[in-house]
Amino acid sequence: MADKGKFYITTAIAYTSRKPHIGNSYEIVLTDAIARYKRLQGYDVFFLTGTDEHGQKIENYAKDAGVTPKEYVDKVAGEIRDICDLLGTSYDKFIRTTDGYHEKVVQKIFKKLYEQDDIYKSEYEGLYCTPCESFWTESQLVDGKCPDCGGEVKPAKEEAYFLRLSKYQKQLEDFIESNENFIYPEARKKEMLNNFIKPGLQDLCVSRTSFKWGIPVTFDENHVIYVWIDALSNYITAIGYDPDGSSDMYKKYWPADVHIIGKDIVRFHTIYWPIMLMALGEPLPKQVFGHPWLLFGEDKMSKSKGNVIYADDLTKLLGVDAVRYYLLSEMPYASDGSITYETIIERYNSDLANTIGNLVNRTIAMSNKYFDGVVSAPDCKEAIDGELEQFALDTVAKVEKCFETYRVADAIEAVLNLAKRSNKYIDETMPWALAKDEEKRARLNTVLYNLLESIRFIAVLLSPFMPETAEKIFAQMNCDVKDYESLSSFGGFKAGTTVGKAEALFQRIDADKMIEDLLAQNEAEEEEEKEEEKVEEITIDDFFKSDLRVAEIVDCEPVKRSEKLLKLQLNDGSGKPRQIVSGIAKWYKPEDLIGKRAIIVTNLKPIKLCGELSQGMLLSGEKDGEIKVTFVDMKPGAKIC
């Protein structure tokens, strides 16, 4: 295949605050699918990912964990890279912002910008959000909270260096308006121009003195380089940029063809990053694609909300390619996608087991049954064959069109539709009926050849999304014609090939059992985490923050899809209904609890467990692995002192 030139693609580098959940993993799988497709087309692809490892938040996490910041980020960066590898991503380089070469070049970048007066020293006073590591003015807050994460902000004042964003505002605005595909999708472009750039850019704080975990400013020992210059520069340091003379690799691959990032960080990549590059005199990336979020149900995934699913847990139960398929197929182009255990299993059974898996399995089984696995060249064609051929060729064109604008979910749907059309072709041609008539063997052979060729198209087109599955299909077909150019015409499956044994690609899943296993796994992990928690001393004031009261259990029932949880309805004397979910099903039957009076904690923040709201906690004790609830003979509502 002819070389189509270079294609440089990146993810946003993952922040090493904690192990990434499945929502974080969407981006690396999306980027991998694009990179694989471009390689399939004949591009010289360089795919970069990595980790962002500096900042006050990391310093605080490390302190809480009782380790050094470097020890902390080494552990989390390892977990992030393990998940990238687990999900079969084909990155060419994994950069860490603690890599020595990166830190040295970032220091040079900072110094260069300072020496040419694009960075200057001043003082910042404002409202600071530690999780986002961002300063805000009073007018930028939303309900008094950080506009990005909704968290608390605190007044802060410190000496800092600033990047002159205002100096490059007009240049940036002109660039964005004259390069219509620079920010994608279109809605993100309008948001950046109308909400951030045109109202006027404020100069950006690019150093800090209030913490030490960062890259030091070489000419001012009290300052560390703030996240924007440190993290964003990874896209050029990774491929050999140096203000004193860049490498041949940098000259080959830069500018990036596309940065794949989450919609929440579009501002940083389309305002701060381009201005940094303009100040350095370097070309801007060709495109920034801001993808939506993957939500758990209707909520953004967050460990604090208890709605986190991890990629490694899902792959143990479903396999890597099934997880990749779900992530890529479930995300709409411009709106947030959703993930629930129910929808994962539904898509697995309908799309993978029933549609793709069944097509491959029965086609190869019929080839073995009717022709001992050997399928000859087709020589008995009918009009319906042409319909399947055209559908396959049209699918290639649709997929190519979808990838031009990174509509990856639409691309994978096009491949699924080819599988559906192939299954329909089986129903239309009825090979089992043809097999009963010896005079129709030539027609039967043609039908099976067409099916195998259609499956070959599917396998080639699936390879960017589900590489392991594609290889399994090729192996079962005993087919080595896998190149993209072979899809320019229908008929690439080699006549006379002996197919292999039909084996199920995807076993159907029992939804109830799978969800039970997932919930049990999550509960086991929660118990393990609780056991690992350190017991901290509290003051008497801390103790009296807990509101302990007597409540009567008026009703109780098991929680569906959980063997451990009971749902209790309580009278706590307030006149308002209260529900608590408790993991005591192993030791108590619902009927044994109704009418009993127990002590509850009433002022715990409500949470959801297995979809049920829990408004407090039942006081109980544990001895020798057995849980005992504390029952009392007091009126509901009585306060425990």
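Remember, it's a predicted structure, so these values are computed and weren't measured experimentally.

Considering the sheet that holds strand S20 (residues 578-582)
Read across the open sheet, the 5 strands follow the order S20-S19-S18-S21-S24; overall the sheet is antiparallel. Since the sheet does not close on itself, it has two edges, and those belong to S20 and strand S24 (617-618), each with one partner. The pairing of strand S18 (residues 548-558) with strand S19 (residues 566-571) spans 6 bridges and is classified as antiparallel. Looking across to S19, one finds that glutamate 557 is bridged to lysine 567.

Remarks on the packing of aromatic side chains
Applying the stated criterion to the full structure yields 31 aromatic pairs. Each ring, one from tyrosine 114 and one from phenylalanine 219, has its centre 4.5 Å from the other, and the planes form 25 degrees; the classification is stacked. Taken together, the residues span a long stretch of sequence, with tyrosine 114 in helix H4 (residues 100-115) and phenylalanine 219 in the loop between strand S11 (215-217) and strand S12 (220-225) at a distance of 105 residues. Tyrosine 114 sits in the partly exposed class, given a relative accessible area of 35%. Accessibility expressed as a relative area gives 31% for phenylalanine 219, which makes it partly exposed. By the ring-pair criterion, three or more aromatic residues cluster together here, those being Tyr8, Phe46, Tyr235, Tyr241, Tyr250, Tyr253, Trp254 and Trp273. The cationic tip of arginine 208 hangs over the ring face of tyrosine 226; the distance from NZ or CZ to the ring centre is 5.5 Å. The positively charged end of lysine 398 is found above the aromatic ring belonging to phenylalanine 391, 5.6 Å away from the centroid.

A few points about the confidence of the model for the protein chain
Mean pLDDT for the protein chain: 89, with 92% of residues reaching 70 or above. Confidence over residues 301-306 falls short of pLDDT 50; this stretch has 18 contacts with residues more than four positions distant or in other chains.

Focus: the sheet that holds S12
Strand order in this open sheet of 3 strands is S10-S12-S11, and the pairing throughout is antiparallel. Each edge of the open sheet carries a strand with a single partner, namely strand S10 (207-208) and S11. With 2 bridges joining them, S10 and S12 adopt antiparallel strand pairing. Its bridge partner being in S12, arginine 208 is matched across the sheet by valine 224. Along the sheet, H4 contacts S10, S11 and S12; its crossing angle with S11, the most-contacted strand, is approximately 30 degrees.

Observations concerning the nonpolar core
Note that soluble globular proteins tend to have their nonpolar side chains buried in a common cluster. Ile9, Ile22, Ile34, Leu318 and Phe465 are the most contacted members of the largest nonpolar core, which totals 107 residues. Once residues within four sequence positions are removed from consideration, phenylalanine 465 is found in contact with Ala33, Arg324, Leu328, Phe403, Val408, Ala411, Ile412 and Val415. Counting residues in each nonpolar core, the second largest holds 65 residues, with Ala156, Ile183, Ala231 and Met278 among its members.

A short note on the packing of helix H13 (residues 341-371) against helix H15 (residues 408-429)
The N-to-C vectors of H13 and H15 enclose an angle of 45 degrees; their axes lie 10 Å apart at closest approach. Our classification of the angle between H13 and H15 gives oblique. Read as a crossing pair, H13 and H15 show a hand that is left-handed. For the pair H13 and H15, the contacting residues are Asp351, Asn354, Thr355, Ile356, Leu359, Arg362, Thr363 and Met366 in the first and Leu416, Ala419, Lys420, Ser422, Asn423, Ile426 and Asp427 in the second. A breakdown of the residues in the contact of H13 with H15 according to their chemical character gives 6 nonpolar, 5 polar and 4 charged.

Some words on unusual backbone geometry
A cis amide bond links tyrosine 184 with the next residue in sequence, proline 185, at an omega value of -5 degrees. Mapping proline 185 onto the fold places it in the loop between strand S8 (183-184) and helix H6 (186-197). With an omega of 10 degrees, the peptide bond running from tryptophan 254 to proline 255 counts as cis. Residue placement: proline 255 occurs in the loop between helix H9 (248-253) and strand S13 (258-262). A positive phi is found at aspartate 372, a non-glycine position, where the angle reads about 55 degrees. Tracing the chain through its elements places aspartate 372 in the loop between H13 and helix H14 (383-404). Under the relative-accessibility criterion, aspartate 372 is labelled exposed at 64%.

Rules used in this analysis
- Residues numbered from 1 in each chain as written.
- Predicted model: local features only at pLDDT ≥ 70, side-chain atom pairs only at ≥ 80, totals over all residues.
- Heavy atoms only, no water.
- Pairing = 2+ DSSP bridges.
- Helix = DSSP H or I, 4+ residues; strand = E, 2+ residues; numbered from the N terminus.
- Phe/Tyr/Trp six-rings, centres within 6.5 Å; stacked < 30°, edge-to-face > 60°.
- Buried < 20%, exposed > 50% of the residue type's maximum accessible area, 1.4 Å probe, protein only.
- Lys NZ or Arg CZ within 6 Å of the ring centre and 35° of its normal.
- pLDDT = per-residue confidence, 0-100.
- Contact = heavy atoms within 4.5 Å.
- Axes fitted to C-alpha atoms, helices over the stretch in contact; angles between N-to-C directions.
- Core = buried A, V, L, I, M, F, W, Y, C linked by side-chain atoms within 4.5 Å.
- Parallel < 35°, antiparallel > 145°, perpendicular 65-115°, else oblique.
- Left-handed = near helix turned anticlockwise from the far one by under 90°.
- Nonpolar A, V, L, I, M, F, W, Y, C, P; charged D, E, K, R; others polar.

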